[in-house]
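Structural characterization, general
The primary structure of each chain is shown beneath.
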Amino acid sequence: MLLLKFIGGMLSKLLSKLFSFATFSFLGRVPSKDDSKISFIGVLSFYWLLLCFSLAYPQALSHIILFAPKDPAAVRVITLFLLVLVPLMTGWTTTKVSNYDSEKRPLWKQLLYGYPYTVILGFLVVGLIITVPLVKARAFLLLYYLDTIKIMIHKGNYDEAIKEIRSILKNHSIESHGVNPNKILWLQFIALIWVEGEIFHHRMSKEMKVIKGKHDGKDFQILLHATDIAITGKREIATKLRAILAENLSEKNMYFSWDEKGHKIEDTIQDYKKKLENGESIEGKSIAELVENLRDIGLSQEEWSAIRKQIYKLEVLNGGEGGSVE
């Protein structure tokens, strides 16, 4: 009996790790300041789906509803109440993400949007648990490492982003070719991107492409979609490719931050660069203001570093005059 429990525990951890690896490499990430909220929405959606499936079995419901009474009729009434309440809780949680704008969508409307969010995410959680580990199992079993670059592709620039990545690889003597992703996963991805775009008030690119290749005789795969560049392969290959791309990716096709405050800073940097390239001058205090604003908006370390690097390049273009950090 103890042996069976041990094996069961090991299998549970293995599946959990596999699903975590697969989901990250497929879905990318959300802003670090909002990841706990999005995780909570996922839990609510899965719980709502459990309530739906268990409605016909009050004895099962008593195990997933805290302090459930013994009366089956009462349990059903509580369940119906929760089926109405949980999506409203989902909608309310989405009003707490960093990009929520009540002018774009008032509170009452955002609460109602909790219903489609909950239904779609509930079924996506189940679908991903079944399909993603199967698709990504080979990479997991080969002990592939996952490395990522957090981005957000500019609307309409997806094809250019793909070309840029392949060009960077080619310039480093790394041959690659593009392939279409698994169709089942792509359909799930489209549903998820709609939800993410609605929650964060962003129009996100719905394209998804896989770049495959070999480096030093070892396979690698790069998955590019609206919000992430996910690189899988042996650890030394994945980390090297991430470094190459991070050093060479330009800002013309993608943002390196998620929220609108970060985007405004990145847009301003590009405007200043164009002015300098056209022979105009930029006051040092204007660049210093960018540095101050960057400190104040609460980005993750990765996002802060990516934008600070852009500002540093701007300072160099401006003759070294700008907002150097003391």
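Structural notes, computed from the coordinates. Everything numeric in this text was worked out from a predicted model, so none of it was measured.

**Observations regarding the pattern of salt bridges**
Enumeration according to the criterion identifies 10 salt bridges in this entry. Across the salt bridge formed by R105 and E198, the nearest N and O atoms sit 2.4 Å from each other. In this pair, R105 sits in the loop between α4 (72-94) and α5 (107-141) while E198 sits in helix α7 (residues 183-200), placing the two residues 93 residues apart along the sequence. With a relative accessible area of 9%, R105 lands in the buried category. The residue K214 makes a salt bridge to D219 at a minimum N-O spacing of 4.0 Å. Residue class for K214 comes out exposed when judged on its relative accessible area of 51%. Three or more residues joined by partner-sharing salt bridges are found here, namely D147, R242 and E302.

**Quick notes on the side chain of T95**
Structurally, T95 can be placed in the loop between α4 and α5. Residue T95 is classed as buried on the basis of its relative accessible area, which comes to 12%.

**A few points about the nonpolar core**
By size, the foremost hydrophobic cluster in this structure holds 25 residues, and its most contacted members are I165, L169, I222, L224, I229, L245 and L249. Among the secondary structure elements, those contributing two or more residues to this core are α6 (158-171), β5 (218-225), β6 (228-233) and α8 (235-248). Broken down by element, this core gets its largest block of residues, 6 residues, from α6. Residues in contact with L224, not counting those within four places in the same chain, are I151, I153, Y158, A161, I162, I165, E207, M208, K209 and I229.

Parameters and conventions
- Residues numbered from 1 in each chain as written.
- Predicted model: local features only at pLDDT ≥ 70, side-chain atom pairs only at ≥ 80, totals over all residues.
- Heavy atoms only, no water.
- Salt bridge = Lys/Arg side-chain N within 4 Å of Asp/Glu carboxyl O.
- Helix = DSSP H or I, 4+ residues; strand = E, 2+ residues; numbered from the N terminus.
- Buried < 20%, exposed > 50% of the residue type's maximum accessible area, 1.4 Å probe, protein only.
- Core = buried A, V, L, I, M, F, W, Y, C linked by side-chain atoms within 4.5 Å.
- Contact = heavy atoms within 4.5 Å.

Functional significance is not addressed by these values, which are geometric in nature.
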